[in-house]
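# Structure at a glance
One-letter residues, chain by chain:
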Amino acid sequence: MNVRDAALKARLAVAAGRLSARDTCEQLGPELEARDRPLLLHLVAGTTRHQLTLDHLLSLHLRGRPGKLQEAAREALRLGAFQLVFSSRIPAHAAVSATVETLKARAPRAVPLANAVLRSLSASIESRGPAAPTDDPFRTLSDGEGGVCRFRSPILPEGDPRSPPLLSIRASLPPWMLARWRERFGPEAAERAALETLRVPDLFLRTPEGPVRLGHGKDPGLLLAVQDPSAQAVVSEGVAPKPGERILDLCAGVGGKACAMAERGASVLAVDLSERRLERLRENASRLQLKIETACRDALDPDPAWMGTFDAVLLDTPCTNTGVLRRRPEARWRLTPEDPPRMAALQKRLHSHLIGGIQDRPTGRSRRMCGPRQRQGGIPRGVGRLELQRT
């Protein structure tokens, strides 16, 4: 399998809502040469991040909306358009020819259309280069890596470029989300936040000395762990585990924080509702040569045997991921306007359900972490008290 075929396969899986862009690329990575794996993530995550913008651009060169195309043709066109507009490392002729070759096996009838549309889009581009203060927002798009693509003519309809409908095209975000941000933070701050979600995230290694920037798309090696500085701070400053302490990690996910606490000598029980996530956690712990106990269980139904047996509890409550859209680009297309209040209600249930019993241990303390994005009647922001309670 070549990298473009793998990218199309990954994009079809992401668009179907089955996996995240990163998880899909990790599954397909072993089928590629090591040197092609960073390009695979670049293509899949970038196309996912800029999806709405790409659909808008393609619609300017199509008679109908991209969503009406056959799935393989639609995703191939999105990948091709991403390379033309947002990937300065790929020449335009290579982007067009590679897309056409990929489609020959998947959707041969769409080859003439794809060739014509991508060539038309390529011809509409004036230049690509570093961003400048004089860039016209009606003719310029940010690539998320400090550069821009400039077009020969306006690509946006007339209006306020900060308004939700137009900013939605520029920042590739749902209009309802931008309308909420604008109402809450004002037009200028909402625009800055929206455009920031396009920035390609760097990778940070977790080390005993603290976070170390690795850059994006690099292989950290088998015995090193990638983790954002904010997540590392939850462990180092929030929980602050000591060697020999027993810590309960609820809603543990794939175990980034559980592994960080185990590296500090704590005995960790990681709990999550998903066996698939726990399997990833066990794989990560094994790779890092760590021993972590796991339990597949709903945090709303804690084991009575846990009461009074832990020195600390970490509850990383489920959230909408709007605070990490750079790293989880698919989240912007899987959220609905009903999700923030729904997640806030779940956070409140988790928080209120678990208050009470951990103080049975003399050294007992507790921590929970959440972001500001669910504060619609949800639990407060930051790190604070949490105790287990019998129900």
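Residues numbered from 1 in each chain as written. Predicted model: local features only at pLDDT ≥ 70, side-chain atom pairs only at ≥ 80, totals over all residues. Heavy atoms only, no water.

### Some details on the packing of aromatic side chains
Taken as a whole, this structure holds one aromatic pair when the rule is applied. The ring of W306 has R297 sitting right over it, with the charged end atom 6.0 Å from the ring centre. (Phe/Tyr/Trp six-rings, centres within 6.5 Å; stacked < 30°, edge-to-face > 60°. Lys NZ or Arg CZ within 6 Å of the ring centre and 35° of its normal.)

### Let's talk about the sheet that holds strand β2 (residues 140-142)
Read across the sheet, three strands follow the order β1-β3-β2 without closing on themselves; strand pairing throughout is antiparallel. The open sheet is flanked by β1 (125-130) and β2, the only strands paired with a single partner. Averaged over all pairs of adjacent strands, the angle between their axes in this sheet comes to 20°, without regard to strand direction. Note that β2 and strand β3 (residues 147-151) share three bridges and pair antiparallel. From the neighbouring strand, T140 faces β3, where its bridge partner is R150. Sitting on the sheet, helix α5 (residues 71-86) is in contact with β1, β2 and β3, with an inclination near 65° to β1. (Pairing = 2+ DSSP bridges. Helix = DSSP H or I, 4+ residues; strand = E, 2+ residues; numbered from the N terminus. Axes fitted to C-alpha atoms, helices over the stretch in contact; angles between N-to-C directions. Contact = heavy atoms within 4.5 Å.)

### A word on helix α3 (residues 37-49)
In a regular helix each residue adds 1.5 Å, so 13 residues correspond to 18 Å; α3 covers 18 Å between its end C-alpha atoms and thus fits that length. Within the sequence span of α3, burial applies to L39, L40, L41, H42, L43, V44, A45, G46, T47, T48 and R49. In this structure, the buried side of α3 is in contact with α1 (3-15), α2 (21-28), α4 (51-59), α5 and α14 (331-334). (Expected span 1.5 Å × (residues − 1). Buried < 20%, exposed > 50% of the residue type's maximum accessible area, 1.4 Å probe, protein only.)

### A look at the pairing of strand β10 (residues 312-316)
Most of β10 sits inside the fold, with five of its five residues counted as buried. The alternating pattern of β10 places A312, L314 and D316 and V313 and L315 on opposite faces, both of which are buried. Summarising the sheet, strand β7 (residues 246-250) and β10 pair through four bridges and their orientation is parallel. Following the sheet pairing, I247 is matched in β10 by A312.

### Some details on the pairing of β3
Most of β3 sits inside the fold, with five of its five residues counted as buried. Neither face of β3 is open: one carries G147, C149 and F151, the other V148 and R150, and all of them are buried. Of the pairings in the sheet, the one linking β1 to β3 comprises five bridges and is antiparallel in character. Pairing of G129 across the sheet is with V148, part of β3. What sits between β2 and β3 in their antiparallel hairpin is a turn of four residues, with G144 showing a positive phi close to 85°.

Treat this as a map of the structure, not an account of what it does.
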